[in-house]
Amino acid sequence: MKQKIQISPSMMCADPFALREVLDTFEKGGIEWLHIDVMDGRYVPNFTLGPDYCRSLAAATSIPLDIHLMVEEPDRHVELFAKFPGARVSFHPETVRQPVRLIERIRELGASPGIALDPAMSVQACSHLLPLVDQVVIMTVNPGYAGQKLLPFCLEKITECRAFLKSCGRHADVQVDGNVSWENIPRMVAAGANILVAGTSSLFVKGRVAASELARMRELGA
Ligand code: DX5
Ligand code: ZN
C-alpha cells in the first residue's frame, strides 16, 4: 500500500518575523506536520529551537509538531516536548542508554515516537527498534545545520529501512531530513520516503514560502 507523501517543513528555516504568514500558507496548503529541529550544542555543534518555541507554535496553529531531538540524554527532556497535541517526538538512539524505555515513555506521554538515524547509523544497528516506532527519520545530511548537501550513500538507507519495515509488516512513516531539494525529491520518494522535511533546499527562500511551491512539492512527491 503506497503511503501518501506528507510534507514537514523545517521551521528552523522560517523567518521568525514572517511566521504568521508562513503558518497561514501551510494551513491553506494542508501541510501535515511542522518539523522542529531541537539542538543542544552537545550532540550537534549548534543550538536552535526549544520548548517555548514549540509552545508558541502549538498555540498558533493546529498543525501537529514533528519534533526532532538532536540532543544528548533526550530521556531527561522528553516531557518538555511530548505534551503538545498530536506531537511526534523522534530521537537519535545513540544519545540514550535505554532507547526502548524512551520509546515507551513517549507513548505513555501521549505522543508518537520516532527514531532518527544519523548518516553513520545503519538500519541494521536499529533493527530491534524499527518495529516499535511510528516514524524512522533517515538523515541525508550530517545533523546540525540547514543548507548542507546530500550524502548520496544515505539514499540506500531509505530503501533498506522501507524493505525492513515491510518484512516485519510495519507501516511506519519513513521521513527524509536534509537537502530535500527539487532535484533530490524524486530519488528520495522512489527510495521509499513518504514524509519530506522541506527546508532551504526547497520550500524556504529567505525564510518565506510561496503557495505555488507547496503545489510543486505535492506534484513531485505524488
Ligand atoms: C539538519 C536539519 C536540516 C533542515 C533542512 O539538522 O534538520 O535538514 O531541517 O534544511 P535543508 O533543506 O537546508 O537541508
Ligand atoms: Zn530534523
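Let us look at the structure shown here. (Residues numbered from 1 in each chain as written. Chains lettered and ligands numbered in written order. Predicted model: local features only at pLDDT ≥ 70, side-chain atom pairs only at ≥ 80, totals over all residues. Heavy atoms only, no water.)

1. Comments concerning the coordination of the zinc ion (ligand 2)
Protein ligation of the zinc ion (ligand 2) involves His35 (NE2), Asp37 (OD), His68 (ND1) and Asp177 (OD), the donor distances falling in the range 2.0 to 2.2 Å. All donor residues of the zinc ion (ligand 2) come from one chain, and their arrangement in sequence is H-x1-D-x30-H-x108-D. Here aspartate 37, found in strand E2 (residues 34–39), pairs with aspartate 177, found in strand E7 (residues 173–177); they are 140 residues apart in sequence, far enough to count as distant. Aspartate 37 sits in the buried class, given a relative accessible area of 4%. Looking at aspartate 177, the relative accessible area reads 7%, which means it is buried. (Donors = N, O, S within 2.8 Å, 3.2 Å for Na, K, Ca; no water. Helix = DSSP H or I, 4+ residues; strand = E, 2+ residues; numbered from the N terminus. Buried < 20%, exposed > 50% of the residue type's maximum accessible area, 1.4 Å probe, protein only.)

2. Observations concerning the pattern of salt bridges
Overall, the coordinates contain 14 salt bridges when judged by the stated rule. Aspartate 24 serves as the salt-bridge partner of arginine 20, at 2.9 Å between the closest nitrogen and oxygen. Taken as a pair, arginine 20 and aspartate 24 lie in helix H1 (residues 19–28) at a separation of four residues, close to a single helical turn. With its nearest N and O atoms 3.5 Å apart, the salt bridge here joins arginine 216 to glutamate 213. Pair noted here: arginine 216 and glutamate 213 are both in helix H7 (residues 211–221), with a separation of three residues, about one helical turn. Arginine 216 sits in the partly exposed class, given a relative accessible area of 38%. A network of salt bridges, in which partner residues are shared, links Lys4, Glu32 and Arg218. (Salt bridge = Lys/Arg side-chain N within 4 Å of Asp/Glu carboxyl O.)

3. Quick word on the environment of glycine 86
Positionally, glycine 86 belongs in the loop between helix H3 (79–82) and strand E4 (88–91). The spacing of glycine 86 and glutamine 124 is 38 residues in sequence and 29 Å in space, taken between C-alpha atoms. If we skip the residues at most four places from it in the chain, glycine 86 touches Trp33, Pro64 and Leu65. (Contact = heavy atoms within 4.5 Å.)

4. A few points about the state of the cysteines
This structure, assessed with the given rule, holds zero disulfides. With no disulfide partner, cysteine 13 has as its closest neighbouring cysteine sulfur the one in cysteine 54, 15 Å distant. Cysteine 154 takes part in no disulfide bond, and the closest cysteine sulfur, belonging to cysteine 161, lies 12 Å away. (Disulfide = S-S within 2.5 Å.)

5. Things to note about H1
Turning to H1, its buried residues are Leu19, Val22, Leu23, Thr25 and Phe26. Down the axis of H1, the sector holding all buried residues measures 160°, keeping them to one side. Check the buried side of H1 and you find it contacts strand E1 (6–9), E2, helix H2 (51–60) and H7. Following H1 by one or two positions, glycine 30 has its phi on the positive side, about 70°. (Arc of directions from axis to C-beta.)

6. Side note on the site of ligand 1
Of all residues adjacent to ligand 1, which total 18 residues, the nearest are Ser10, Gly147, Asp177, Asn179 and Thr200. Within the backbone of glycine 147, one N or O atom sits 2.6 Å away from an oxygen atom of ligand 1. The side chain of threonine 200 places a nitrogen or oxygen atom 2.3 Å from an oxygen atom of ligand 1. Against a free-state accessible area of 360 Å², the protein chains account for coverage of 100% of ligand 1. Grouping the constituent residues of the shell around ligand 1 by class yields eight nonpolar, eight polar and two charged. (Near = heavy atom within 4 Å. Polar contact = N/O pair within 3.5 Å; in protein donor to acceptor, adjacent residues only side chain to side chain. Areas by Shrake-Rupley, 256 points an atom, 1.4 Å probe, with all protein chains shown as cover. Nonpolar A, V, L, I, M, F, W, Y, C, P; charged D, E, K, R; others polar.)

7. Side note on the sheet that holds E2
If you walk across this open sheet you meet the eight strands as E1-E8-E7-E6-E5-E4-E3-E2, and the pairing is parallel. A single partner strand is all that each edge strand has here, and the edge strands are E1 and E2. Neighbour-to-neighbour, the strand axes of this sheet turn through a mean angle of 25°, independent of strand direction. As paired strands, E2 and strand E3 (residues 65–70) are joined by six bridges and run parallel to one another. Bridging from a neighbouring strand, valine 38 pairs with leucine 69 of E3. (Pairing = 2+ DSSP bridges. Axes fitted to C-alpha atoms, helices over the stretch in contact; angles between N-to-C directions.)

8. What about the nonpolar core?
Of all hydrophobic cores here, the largest spans 67 residues; its most connected members are Met11, Phe26, Ile36, Ile115 and Leu203. Setting aside residues up to four positions removed in sequence, isoleucine 36 forms contacts with Met11, Leu49, Tyr53, Cys54, Leu57, Leu65, Asp66, Ile67 and His68. (Core = buried A, V, L, I, M, F, W, Y, C linked by side-chain atoms within 4.5 Å.)

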